[in-house]
Amino acid sequence: MKTHLVKNYQQERINVILDPENADKRKFGYHTWQSVLTVGEGGLFGADASSEHSQSSLKYLPEPHTDFIFAVTAGNAGFVGCVLVLMAYAVLLSRLITGARRASDRMGMLVIMAVVGGLTFQIFINIGMALGILPVVGVPLPLMSAGLASLIATFIAIGFAISVQLRRFVN
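Here we summarise the structure given alongside this text. Computed from a predicted model, the values in this text were never measured in an experiment.

Regarding a nonpolar patch on the surface
- Taken together, the side chains of L44, F45, F79, V80, V83, L84 and M87 make up a nonpolar region of the molecular surface, amounting to roughly 700 Å² of accessible area.
- The topology assignment puts M87 in helix 3 (residues 69-101).
- Overall, the relative accessible area of 47% leaves M87 in the partly exposed class.

Structure representation (structure tokens):
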């Protein structure tokens, strides 16, 4: 569709989101395509770590330590490793939700649920980016992506949640 409101490069970005298989894999769809290939090469139990022909070792995958850390995990640990990572996140989120249920006041419950919502949003967006079902927007995966600001913000948020949980014993 040609309009004067949306420029050509914006249309290409939308095409990458809607149809990543037919997008230009050398320009606009490069990040998404390399991420999908990295996830796919992991298989069930992960690719051989010493393989010199993997997407990660050949440095085809852009930003493997931040935006696409889940793709690297899927490539190295496979489907089983990804399920274990998702189970670890599920345990963390379920513990936080249990703390929200036990909170002594409504404000504490809202603080914990805001932390749960933020973490869930980041996990969902980052994994969706790695699998090619969501656009690449640069959201880090909590507690895994290399980035000190994200890690500190996540630790502070979890610290607030723990503080609310500990405060229920006061009074």
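Having put the structure on the table, let's press on.
Details of the pattern of salt bridges
- Counted by the stated rule, this structure contains 1 salt bridge.
- The shortest N-O distance in the salt bridge between D105 and R167 comes to 2.8 Å. One end of the pair, D105, is in the loop between helix 3 and helix 4 (106-131); the other, R167, is in helix 5 (residues 148-167), and 62 residues separate them in sequence.
- Under the relative-accessibility criterion, R167 is labelled partly exposed at 38%.

Structural notes on the packing of helix 3 against helix 4
- One way to put it is that helix 3 packs onto helix 4 with a least axis distance of 10 Å and a crossing angle of 165 degrees. Here helix 3 lies roughly antiparallel to helix 4, going by the angle between them. Considering how the two elements wind past one another, helix 3 and helix 4 form a crossing that is left-handed. Contacts between helix 3 and helix 4 pair F70, A71, L86, Y89, L92, L93, L96, I97, G99 and A100 from the former with M109, I112, M113, V115, V116, L119, T120, I123, N126, I127 and A130 from the latter.
- Here the contact of helix 3 with helix 4 is composed, by residue class, of 18 nonpolar, 3 polar and no charged.

Things to note about the nonpolar core
- Among the nonpolar cores identified, the biggest contains 25 residues, and F70, L96, I112, L119, I123 and L141 are the most heavily contacted of them.
- For this core, the secondary structure elements donating two or more residues are helix 3, helix 4 and helix 5.
- The dominant element in this core, judged by the number of residues it contributes, is helix 3, at 11 residues.
- Apart from residues lying up to four places away in sequence, I112 is in contact with L96, G99, A100, A161, V164 and Q165.

Section: helix 4
- The first and last C-alpha atoms of helix 4 sit 37 Å apart over 26 residues, in line with the 38 Å expected at 1.5 Å per residue.
- Every buried residue of helix 4 is listed here: G108, I112, V115, V116, L119, I123, I125, N126, I127, G128, M129 and A130.
- Where the residues of helix 4 are buried, they touch helix 2 (30-42), helix 3 and helix 5.
- A positive backbone phi angle near 80 degrees is found at G132, which sits one or two residues after helix 4.

What counts and what doesn't
- Every residue gets a number counted from 1 within its own chain, in the order that chain's sequence is written.
- Per-residue local features of the predicted model are confined to residues with pLDDT of at least 70, and side-chain atom pairs are confined, for both listing and counting, to 80 or more; whole-chain, interface and lining totals are unaffected and use all residues.
- The side-chain numbers reported here are obtained from all heavy atoms of the structure, hydrogens and water having been left aside.
- Only residues whose relative accessible area exceeds 30% and that take part in no salt bridge are eligible for patches, with like-charged residues grouped when within 9 Å of each other and nonpolar side chains (Val, Leu, Ile, Met, Phe, Trp, Tyr) grouped when within 5 Å.
- Only the protein chains shown count as covering a residue, and every accessible area follows the Shrake-Rupley method with a 1.4 Å probe.
- By convention in these notes, a salt bridge is any Lys or Arg side-chain nitrogen within 4 Å of a carboxyl oxygen on Asp or Glu.
- The helix and strand labels rest on DSSP assignments: H or I over at least four residues marks a helix, E over at least two residues marks a strand, and numbering proceeds from the N terminus.
- Any residue under 20% of the maximum accessible area for its type is buried, any over 50% is exposed, and the rest in between are partly exposed; the area is computed with a 1.4 Å probe on protein chains only.
- Note on definitions: angles span 0 to 180 degrees between N-to-C directions of axes, and those axes are lines fitted to C-alpha atoms, for helices only across the stretch in contact.
- Oblique is the label for any angle not covered by the other classes, which are roughly parallel (under 35 degrees), roughly antiparallel (over 145) and roughly perpendicular (65 to 115).
- Two helices cross in a left-handed way if the nearer one is turned anticlockwise from the farther one by less than a right angle. They cross in a right-handed way if the turn is clockwise.
- For this analysis, residues touch if any pair of their heavy atoms sits within 4.5 Å.
- Side-chain classes follow a simple rule in which Ala, Val, Leu, Ile, Met, Phe, Trp, Tyr, Cys and Pro form the nonpolar group, Asp, Glu, Lys and Arg form the charged group, and the remainder, Gly included, forms the polar group.
- The term nonpolar core refers to a set of buried residues drawn from Ala, Val, Leu, Ile, Met, Phe, Trp, Tyr and Cys, joined through side-chain atoms within 4.5 Å.
- In a helix, the anticipated span is given by 1.5 Å times the number of residues less one.

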